[in-house]
Amino acid sequence: MSQQNQTQNVPSKPQDDPLAIHYRAIAIDMHADTVQRVLDEHVDLQQQLTDGHLDAVRAKAGGLDAQFFSIWVEPQLFGSTGPRAVKRADDQIAAVRALAEKHPETWQMATTADQVRQAAENGKIAALLGLEGGYAIDERFENVERYYRMGVRYMSPAWSISTSWAGSSGDDVGATRGLNDFGKSVVREMNRLGMMVDVSHVSDKTFWDIVNTSTKPVVATHSACRAIADVPRNLTDDMIKALAKTGGVVNVIFYPEHIEPGWSQKKKQLDSEIAPLVKQASDSEPGDAVRKKLARDRVRTEQYGRRLPAVTVSRVVDHIDHIVKLVGVDHVGIGSDFDGVQATTADLATVADLPNLTRELLRRGYSESDVAKILGGNMLRVMEEQ
Ligand SMILES: [Zn+2]
């Protein structure tokens, strides 16, 4: 765990120590891509890993109580529909279940707020499932219930490539595509089942169709504020207000590209400069398409770390502050995107650094009860309201 900032707040009583406050709170991370590492890189999450952002040892040190594992299907590698997309999602779900079965001393599968509280009480980390991108339902209505039964408790309709039924913020089609009739029926089915609708990655038009269709609180599992960092992945102030009106929560992402003004442009510039290096790494990797992607990401991680501006946890809290000023403290949470990004902030670099977030919140005057809401209390409420 990072030792910095330890001297900033000299506690008057041991129970006021920021670390004690942090450990007392139930911390829920709404989004990490770690399970893909388990499948593709065969990492052992029980060991403290020397790379990546999350494992059992660092999660414990960071006071994490619940992790929503992102069940992410990369459409270019596995298709945006069809049996390969379904299998890729099913394999990830099986990998999370296997982890919890093999290590019940650390992990406990959960689908409800009560189960999360129970896991925290027992000193375990609750493992939960969220489907990212909606590709795995394969345009079939009945698959929403299938995934609900498999334990999935949130789904975003599209990742960076639009589905036939929902637009993405990441492609040209998304600019004009919202939810079609099938998409609206999917949202209603999610409401009926009690699966949260996640607006992270969807297009603006899809966002508005979702908040106008859903009868339950809507969440963004890993997004930030466009007023601070102007990227299409982020939410405008009007969107944040509309989402809060549903009773939902914006879970702030820790990824520099989405939180630091101008970082996205600098990254684009660097991406074009390092394109030959990335291609070379990919070409010289003898393995399959998944191994090649890992080789490309390794180059990016190294280059971003060396050549892009450092961002700190203070910027994450700027986004939290902005949301609190707009809609109050009941509609904000955290969604790290750990192991789904090739750069993190300097002092919130891995899950072990989570206490630095609490330190910064306390430094800015948030009370212990505010901190508890932000770290996970608000999401427990939303899970109960589904
Ligand atoms: Zn994502």
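Residues numbered from 1 in each chain as written. Predicted model: local features only at pLDDT ≥ 70, side-chain atom pairs only at ≥ 80, totals over all residues. Heavy atoms only, no water.

J.: Go over the coordination of the zinc ion, please, and point to the residues and values.
T.: Around the zinc ion, the protein supplies Glu 132 (OE), His 201 (NE2) and His 222 (NE2) as donor atoms, at distances of 2.1 to 2.2 Å. Read in sequence order, the donor residues for the zinc ion give the motif E-x68-H-x20-H. Taken as a pair, His 201 in the loop between β6 (196-197) and α9 (204-213) and His 222 in strand β7 (residues 219-223) lie far apart in primary sequence, 21 residues in all. Comparing His 201 with His 222, the two get one shared label, buried. (Donors = N, O, S within 2.8 Å, 3.2 Å for Na, K, Ca; no water. Helix = DSSP H or I, 4+ residues; strand = E, 2+ residues; numbered from the N terminus. Buried < 20%, exposed > 50% of the residue type's maximum accessible area, 1.4 Å probe, protein only.)

J.: Please set out empty space enclosed by the protein residue by residue, giving values where relevant.
T.: A probe as big as a water molecule, rolled over the atoms, marks out the empty space that is left. Considering all chains together, one arrives at one cavity of 30 Å³ or more under this definition. Volume-wise, the largest cavity comes out at about 40 Å³. Among the residues making up the lining of the largest cavity, the classes are represented as six nonpolar, two polar and three charged. (1 Å grid on protein atoms, 1.4 Å probe; cavity = no way out; pocket = protein on both sides within 12 Å on 5 of 7 lines; lining within 4 Å. Points joined across faces, edges and corners; volume = space filled by probe spheres on them. Nonpolar A, V, L, I, M, F, W, Y, C, P; charged D, E, K, R; others polar.)

J.: I'd like a rundown of the packing of aromatic side chains, residues and numbers included.
T.: Evaluated as defined, the whole model comprises eight aromatic pairs. On the basis of an interplanar angle of 85° and a centroid distance of 5.8 Å, the ring pair of Trp 165 and Phe 182 is categorised as edge-to-face. A residue pair is termed long-range when its members are at least 10 positions apart, and Trp 165 in the loop between β5 (152-156) and α8 (181-193) and Phe 182 in helix α8 qualify at 17 residues. Geometrically, the ring pair formed by Tyr 255 and Trp 263 is edge-to-face, given 6.1 Å between the ring centres and 70° between the ring planes. The residues Tyr 255 and Trp 263 share a single accessibility class, namely buried. Taken together through their ring pairs, the aromatic side chains of Tyr 255, Trp 263 and Tyr 304 make up a single cluster. When the ring centre of Tyr 147 is taken as reference, the NZ or CZ atom of Arg 146 above it lies at 5.1 Å. The ring of Tyr 148 has Arg 153 lying over it, and the distance from NZ or CZ to the ring centre is 3.6 Å. (Phe/Tyr/Trp six-rings, centres within 6.5 Å; stacked < 30°, edge-to-face > 60°. Lys NZ or Arg CZ within 6 Å of the ring centre and 35° of its normal.)

J.: Go over the sheet that holds strand β9 (residues 332-334) with me, naming the residues and quoting the values.
T.: Strand pairs in the sheet, formed through backbone hydrogen bonds, run parallel or antiparallel to each other. Strands sit in the order β7-β8-β9 across an open sheet of three strands; the sheet is parallel. Each edge of the open sheet carries a strand with a single partner, namely β7 and β9. If you compare each strand with its neighbour and ignore which way they point, the axes differ by 25° on average. Summarising the sheet, strand β8 (residues 249-252) and β9 pair through three bridges and their orientation is parallel. When the sheet's bridge partners are listed, Val 252 is paired in β9 with Ile 334. Contacts between helix α16 (residues 368-384) and the sheet are confined to β7, β8 and β9, with β9 contributing the most and set at about 110° to the helix. (Pairing = 2+ DSSP bridges. Axes fitted to C-alpha atoms, helices over the stretch in contact; angles between N-to-C directions. Contact = heavy atoms within 4.5 Å.)

J.: So, the pattern of salt bridges: which residues are in play, and what are the values?
T.: Applying the stated criterion across every chain, the model contains 30 salt bridges. In this structure, Lys 279 and Asp 283 form a salt bridge, with 2.6 Å as the shortest nitrogen-oxygen distance. Within this pair, Lys 279 and its partner Asp 283 are both found in helix α12 (residues 263-284), separated by four residues, close to a single helical turn. Beyond isolated ion pairs, a larger network of salt bridges with shared partners links Glu 260, Arg 315, Asp 318, Asp 321, Glu 360, Arg 363 and Arg 364. (Salt bridge = Lys/Arg side-chain N within 4 Å of Asp/Glu carboxyl O.)

J.: Kindly report on the pairing of strand β4 (residues 125-132), identifying the contributing residues and their values.
T.: With eight of eight residues buried, β4 is to be regarded as a mostly interior element. As defined by bridge partners, strand β2 (residues 66-72) adjoins β4 across seven bridges and the pair is classed as parallel. Residue pairing in the sheet places Trp 72 in a bridge with Glu 132 of β4. Considered for its hand, the β-α-β crossover made up of strand β3 (residues 107-109), helix α6 (residues 113-121) and β4 is right-handed. As paired strands, β4 and β5 are joined by four bridges and run parallel to one another. When the sheet's bridge partners are listed, Glu 132 is paired in β5 with Ser 156. Between the parallel pair β4 and β5, the chain is carried across by helix α7 (residues 142-149), and the sense of this crossover is right-handed. (Right-handed = clockwise from strand over helix to strand, strands pointing away.)

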